[in-house]
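These are the residues of each chain, in order.
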Amino acid sequence: AHHFTKHQKKKANMGLTILAMLSAFYLASNRRAYQYLENIQLKAERLEKENVKAQFNALKNQVSPHFLFNNFSILSSLVEIDSELAGKFLQQLSKAYRYILEQSDNERISLKVELEFIETYLFLLKMRFDEKLNVKIDIPESVANRYSIAPLTLQLLVENAVKHNRMSAEEPLLVSIHCDETYLSVVNPIQPRPQSEPSTGLGLNNIVNRYKLLTSSPV
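Just so it is clear, the structure is predicted and the values come from calculations on it, not from any experiment. (Residues numbered from 1 in each chain as written. Predicted model: local features only at pLDDT ≥ 70, side-chain atom pairs only at ≥ 80, totals over all residues. Heavy atoms only, no water.)

A. Quick peek at the overall build of the protein chain. Per the secondary structure count, the protein chain includes 7 helices and 5 strands. Going from N to C terminus, the protein chain has its helices and strands arranged as α-α-α-β-α-β-α-β-α-β-β-α. Here the protein chain holds 219 residues, and 31% of them are scored as buried. Only carbon and sulfur atoms are counted for the fraction: they give 58% of the accessible area of the protein chain, which is about 14700 Å². (Helix = DSSP H or I, 4+ residues; strand = E, 2+ residues; numbered from the N terminus. Buried < 20%, exposed > 50% of the residue type's maximum accessible area, 1.4 Å probe, protein only. Areas by Shrake-Rupley, 256 points an atom, 1.4 Å probe, with all protein chains shown as cover.)

This is the structure in structure tokens:
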């Protein structure tokens, strides 16, 4: 029989120790990788759920009887007064709905593209409110091309400002859209309507939840 020397035993023990350590490291790495993949999958599922909810909210808020009634009322008036402007209004209305349907389920979109949609959306709002609403957009083109945002979130903030604040020709609602370093800011004075609709907070919560999955920076 072959007898192991102390040196050989020591080497064998060391080899087993290293093997055990490598096995432990391998299992730990596998566990971390699995947890990482599981986390990614969970985030993906959450994002998909939020996007579906965002799409539903966008459609619910925009393609609502109230919204359609307002726009079609304006359209019917324009047809009688100015057929050329009525055609342009219908074109912009169609463009707005197409954007909502195509982009609402995307994770993010170029800020430039969202701003182009806002211009379309503002055209519709201005036809309704005229001089009562003043929206100032001050975003350099270099910034608009560099950054991306969650689609329809900028529109939702403008919509919230219009929905919850009073406006008149004497006291127009001023909404400012600009950049503060890496933040996009939508600012408006608080001018509560005398009989405003109670805020559910769903729109803002939706924005916060969607951005949690896109960035570690707070909204």
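B. Local environment of helix α7 (residues 202–212). Turning to α7, its buried residues number three or more, namely Asn206, Ile207, Arg210 and Tyr211. Down the axis of α7, the sector holding all buried residues measures 125°, keeping them to one side. (Arc of directions from axis to C-beta.)

C. Structural context of the pattern of salt bridges. A complete count under the given rule lists 3 salt bridges for this structure. Across the pair arginine 108 and glutamate 107 runs a salt bridge, and its minimum N-O distance is 3.6 Å. For glutamate 107, a relative accessible area of 36% corresponds to the partly exposed category. When the shortest N-O distance is used, the salt bridge between lysine 112 and glutamate 141 registers 3.8 Å. Note that lysine 112 is positioned in helix α4 (residues 111–129) and glutamate 141 in helix α5 (residues 141–146), a separation of 29 residues in sequence. With a relative accessible area of 31%, lysine 112 lands in the partly exposed category. Residue classification places glutamate 141 among the exposed residues on the basis of a relative accessible area of 54%. (Salt bridge = Lys/Arg side-chain N within 4 Å of Asp/Glu carboxyl O.)

D. Here's a closer look at the sheet that holds strand β5 (residues 183–187). Pairing is mixed in the open sheet, where 3 strands are placed in the order β2-β4-β5. At either end of the open sheet lies a strand with only one pairing partner, and these are β2 (133–138) and β5. Each strand axis lies, on average, 10° off the axis of its neighbour in the sheet, ignoring direction. Bridge count between β2 and strand β4 (residues 173–180): 6 bridges; the pairing is parallel. Pairing of lysine 136 across the sheet is with serine 176, part of β4. Those strands touched by α4 are β2 and β5, and its axis lies near 165° from that of β2. The sheet strands contacting helix α6 (residues 153–164) are β2, β4 and β5, and the helix crosses β4 at an angle near 150°. (Pairing = 2+ DSSP bridges. Axes fitted to C-alpha atoms, helices over the stretch in contact; angles between N-to-C directions. Contact = heavy atoms within 4.5 Å.)

E. Region of the structure containing the confidence of the model for the protein chain. Residue-level pLDDT values for the protein chain average 78, and 70% of them are 70 or greater. By mean pLDDT, helix α1 (residues 6–62) is the weakest element of the protein chain at 64, and β2 is the strongest at 95. (pLDDT = per-residue confidence, 0-100.)

F. Just the environment of serine 94, in detail. With respect to the helices, strands and loops of the structure, serine 94 is situated in helix α3 (residues 83–103). What makes serine 94 partly exposed here is its relative accessible area of 40%. Once the C-alpha coordinates of serine 94 and threonine 120 are considered, the two residues, 26 residues apart in sequence, prove to be 9.8 Å apart.

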